[in-house]
Amino acid sequence: MPHVPKSNGRPPWRATVLTLFPEMFPGPLGVSLAGQALTAAIWTLRTVPIRDFGLGRHRTVDDAPAGGGAGMVMRADVLAAAIDHAREAEPQAPLLYLSPRGERFDQALARELSSGPGVLLVAGRFEGVDERVIAARSMREVSIGDYVLSGGELAAMVLIDAVVRQLPGALGDGMSAGQDSFANGLLEAPQYTRPEVYEGEAVPPVLVSGHHAKIERWRLKASLGRTWQRRPELLERRGLSDAERALLQEFKEELKKD
Ligand code: 4GX
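Attention here is on the structure that accompanies the text. Just so we're clear, the structure is a prediction, and the values are computed from it rather than from any experiment.

## Regarding the packing of helix α6 (residues 212-230) against helix α8 (residues 242-257)
- Running from amino to carboxyl end, α6 crosses α8 at an angle of 75°, the nearest separation of the two axes being 9 Å. Between α6 and α8, the crossing angle belongs to the class labelled roughly perpendicular. Between α6 and α8, the residues in contact are Arg 217, Leu 220, Lys 221, Leu 224, Gly 225, Arg 226, Trp 228 and Gln 229 and Glu 244, Leu 247, Leu 248, Glu 250, Phe 251, Lys 252, Glu 254 and Leu 255, respectively.

## Let's talk about the packing of aromatic side chains
- In total, this model carries one aromatic pair according to the counting rule given.
- With 6.5 Å between their ring centres and 75° between their planes, Trp 228 and Phe 251 make a pair best called edge-to-face. Here Phe 251 lies in helix α8 and Trp 228 lies in helix α6, a separation of 23 residues in the sequence.
- What makes Phe 251 buried here is its relative accessible area of 14%.

## With respect to α6
- Its 19 residues give α6 an end-to-end C-alpha distance of 27 Å, which sits within 8% of 27 Å, the value for a rise of 1.5 Å per residue.
- Where α6 is concerned, the buried positions are Ile 215, Lys 221, Ala 222, Ser 223, Leu 224, Gly 225 and Thr 227.
- Looking at the buried positions of α6, the neighbouring elements they touch are α7 (232-238) and α8.

## A word on the pairing of strand β1 (residues 13-19)
- For β1, the buried fraction is high: six of the seven residues fall into the buried class.
- With seven bridges joining them, β1 and strand β2 (residues 43-49) adopt parallel strand pairing. Within the sheet, the bridge partner assigned to Val 17 lies in β2 and is Thr 47.
- The parallel pair β1 and β2, bridged by helix α1 (residues 32-39), forms a crossover whose chirality is right-handed.
- The sheet contact formed by β1 and strand β6 (residues 118-122) spans five bridges and is parallel. Looking across to β6, one finds that Arg 14 is bridged to Gly 118.

## A closer look at the site of the ligand
- Near the ligand, the surroundings consist of 18 residues, among which Tyr 97, Ile 144, Gly 145, Tyr 147 and Leu 149 are the closest.
- The separation between a nitrogen atom of the ligand and a polar main-chain atom of Ile 144 is 3.0 Å.
- Here a nitrogen atom of the ligand sits 3.1 Å away from a polar atom, N or O, in the main chain of Gly 145.
- If the ligand stood free it would expose 460 Å²; the protein chains cover 92% of that surface.
- Of all elements in the fold, only β5 (95-104) and β7 (140-143) reach the threshold of two or more residues within the shell around the ligand.
- Per-element tally for the shell around the ligand: the top contributor is β5, with four residues.
- Grouping the amino acids of the shell around the ligand by side-chain chemistry returns 10 nonpolar, seven polar and one charged.

## Overview of the pattern of salt bridges
- A complete count under the given rule lists 19 salt bridges for this structure.
- Each member of the salt-bridge network shares a partner with another, and the members are Arg 217, Lys 221, Glu 250 and Glu 254.

## Looking at the environment of Arg 238
- Tracing the backbone through its elements, the reader meets Arg 238 in helix α7.
- Taking the C-alpha atoms as reference, Arg 238 lies 33 Å from Val 17; in sequence the two are 221 residues apart.
- The residues contacting Arg 238, other than those within four sequence positions of it, are Asn 184, Gly 185, Leu 186 and Glu 244.
- At 3.0 Å, the side chain of Arg 238 and the side chain of Glu 244 are in polar contact.

## A short note on the packing of helix α3 (residues 107-114) against helix α5 (residues 153-164)
- The geometry of α3 relative to α5 is characterised by a closest axis approach of 8 Å and an angle of 70° between their N-to-C directions. Judged by the angle between their axes, α3 and α5 are roughly perpendicular. In the packing of α3 onto α5, the handedness of the crossing is right-handed. Contacts from Ala 110, Leu 113 and Ser 114 of α3 reach α5 at Leu 159, Ala 162 and Val 163.
- Here the contact of α3 with α5 is built from residues that sort into five nonpolar, one polar and no charged.

Calculation notes
- Residues numbered from 1 in each chain as written.
- Predicted model: local features only at pLDDT ≥ 70, side-chain atom pairs only at ≥ 80, totals over all residues.
- Heavy atoms only, no water.
- Axes fitted to C-alpha atoms, helices over the stretch in contact; angles between N-to-C directions.
- Helix = DSSP H or I, 4+ residues; strand = E, 2+ residues; numbered from the N terminus.
- Parallel < 35°, antiparallel > 145°, perpendicular 65-115°, else oblique.
- Contact = heavy atoms within 4.5 Å.
- Phe/Tyr/Trp six-rings, centres within 6.5 Å; stacked < 30°, edge-to-face > 60°.
- Buried < 20%, exposed > 50% of the residue type's maximum accessible area, 1.4 Å probe, protein only.
- Expected span 1.5 Å × (residues − 1).
- Pairing = 2+ DSSP bridges.
- Right-handed = clockwise from strand over helix to strand, strands pointing away.
- Near = heavy atom within 4 Å.
- Polar contact = N/O pair within 3.5 Å; in protein donor to acceptor, adjacent residues only side chain to side chain.
- Areas by Shrake-Rupley, 256 points an atom, 1.4 Å probe, with all protein chains shown as cover.
- Nonpolar A, V, L, I, M, F, W, Y, C, P; charged D, E, K, R; others polar.
- Salt bridge = Lys/Arg side-chain N within 4 Å of Asp/Glu carboxyl O.
- Left-handed = near helix turned anticlockwise from the far one by under 90°.

Here you go:
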């Protein structure tokens, strides 16, 4: 029988997505951790079909870009009508527009959003939306990374997934969001499981020693070392305590040995 997490006893966190493709939802948000939390009413998902607010017999939502150029732009009046409709049910939630031009989405923003009532997300298509509606409705532009998707829906799902797994009661057995990469501003230490020797490579002996204090020290050293090797800018942002600085120095010394 599938495991369903217990409801956490607070009102569900509410995600509302404005989209031309409501049939894309819940999609991957309907399975695994997010899907189980949805079933457990830890969060709710509502889509608002922007097409319902389109104009004329064809429910037109877009038009040619002013000044010419390729593609189409979502009309400000149509999108504003969809937003104003969604706002009635969601007067408090922050309004976000997923766009490659936005501030970068990260774990800190995921945590911030998870502490509020929910989120109103605009998933744009075409070459974007008329700039005037971004200002008129005070949308916060958020980007999930420096690449261009075919629309904002996948970006909205990424954001929702990262938020939902922070919600109390949403985590799987034995897991804790507090242990994740970035929870402490560092990359995670490498993980191992059985078999203890795989293709001649043993699991690091300390991890099978049962010495919990030594294991924690080894993991912190590995986290610091990996972050220094792969994402040094994360260390600069975070800073290091004296003890951490000493552990990172040990990591560097051990590198010279092999
Ligand atoms: N992180 N997309 C938005 C429409 C668009 C085009 C141009 C503004 C300017 C994306 C991302 C992303 C695809 C969503 C283009 N908006 N969203 N859409 N990267 O690529 O969030």
